[in-house]
Amino acid sequence: MNPVSTYIPAAGFELHVTEWGDRSKPALVMWHGLARTGRDFDEAAEAICDTYFVLCPDTLGRGLSSWARDPATDYSYATFGATAAAMLDHYGIDETRWVGTSMGGLIGVTLAAGMLEGRITHLVINDVGPDIPKAGTGRIVDYVGNPPVYDTVGELEAWLRRNYAPFGENTPAFWRRMADTSMRRTDDGRVTVHYDPQIVAQFTHHAGDLDIWSAYDRLTIPTLLLRGRTSDVLAAETAEEMTRRGPKPRLVTFDECGHAPTLASEREIGLLRDFLKS
């Protein structure tokens, strides 16, 4: 099934959403990581849209969505949450399942325990937790705040393959789509990544957004926790502690990757299917 690219008003911004499937089916939101886009979920969304109406938004400042008017204010979980709630209202969705990778997982926890409590019924947290090692945040902030500029898309694709090597083995088609959906032209015609470099302002102005233990401990909904074995964002000790607290999720670890599992393989998609129908 081919996706539908749409733009909706959301909390004063224009949010780009990739829709998969029939609107009459139960809703599933898939929210991406810090510097990524909703197109990262193409494989999973295409497979699962036989059962769910899947919404894959581009977070404010990323992909085809609006950039912030005031980065110090707008690049925050409060604003991201407001756009998420507005998106659900736009589609008339009262309840949804939520799959969140990295930042998308933290947003999911925050919303499920707060603004969208009662509306998020199932939560998948993909390779992130309440305690993120400084090495992991440092690595991410370094490359996100210093986006590369190349002469060709081929060079950008090579950079993406190197930079996101922790994603593990993926098909050539996966990497080419990542390049296609992660690039934009600069004013001089060169190629760079498709996000606002100022999204790193969140780490300076809203560092408290990452402190989610209290929200996590309030969760009672069915929750699945995924981790890449060599992840530098979700430590094994933190993942184990998460299984003993809050929603006490099942933990599944993938040996073949770090941060973060792409949810593109048959095994990963099967796990999502089994959990989301529970």
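This is a predicted model, so every value here is computed, not measured. (Residues numbered from 1 in each chain as written. Predicted model: local features only at pLDDT ≥ 70, side-chain atom pairs only at ≥ 80, totals over all residues. Heavy atoms only, no water.)

Peer 1: Honestly, the pattern of salt bridges in this entry has me stumped. Any pointers?
Peer 2: Charged atoms that come close allow side chains of opposite charge to pair. Overall, the coordinates contain 15 salt bridges when judged by the stated rule. Asp40 is the salt-bridge partner of Arg36, the closest N and O atoms lying 2.8 Å from each other. For the salt bridge of Arg229 with Asp255, the shortest nitrogen-to-oxygen distance reads 2.3 Å. Note that Arg229 is positioned in the loop between strand S10 (223-228) and helix H10 (236-244) and Asp255 in the loop between strand S11 (250-254) and helix H11 (266-276), a separation of 26 residues in sequence. (Salt bridge = Lys/Arg side-chain N within 4 Å of Asp/Glu carboxyl O. Helix = DSSP H or I, 4+ residues; strand = E, 2+ residues; numbered from the N terminus.)

Peer 1: What is the right way to read the environment of Gly21 from this model?
Peer 2: Considering the arrangement of structural elements, one finds Gly21 in the loop between strand S2 (13-20) and strand S3 (27-31). A residue is classified by how much of its surface remains accessible, and Gly21, at 26% relative accessible area, is partly exposed. Separated by 185 residues in sequence, Gly21 and His206 place their C-alpha atoms 35 Å apart. Not counting residues within four places of it along the chain, the set of residues in contact with Gly21 comprises Met1, Cys49, Tyr52 and Phe53. (Buried < 20%, exposed > 50% of the residue type's maximum accessible area, 1.4 Å probe, protein only. Contact = heavy atoms within 4.5 Å.)

Peer 1: How do you make sense of the side chain of Thr79 when you look at a structure like this?
Peer 2: Within the fold, Thr79 resides in helix H3 (residues 77-91). With residues near it in sequence (within four places) discarded, Thr79 still touches Phe13, Leu60, Thr73 and Asp74.

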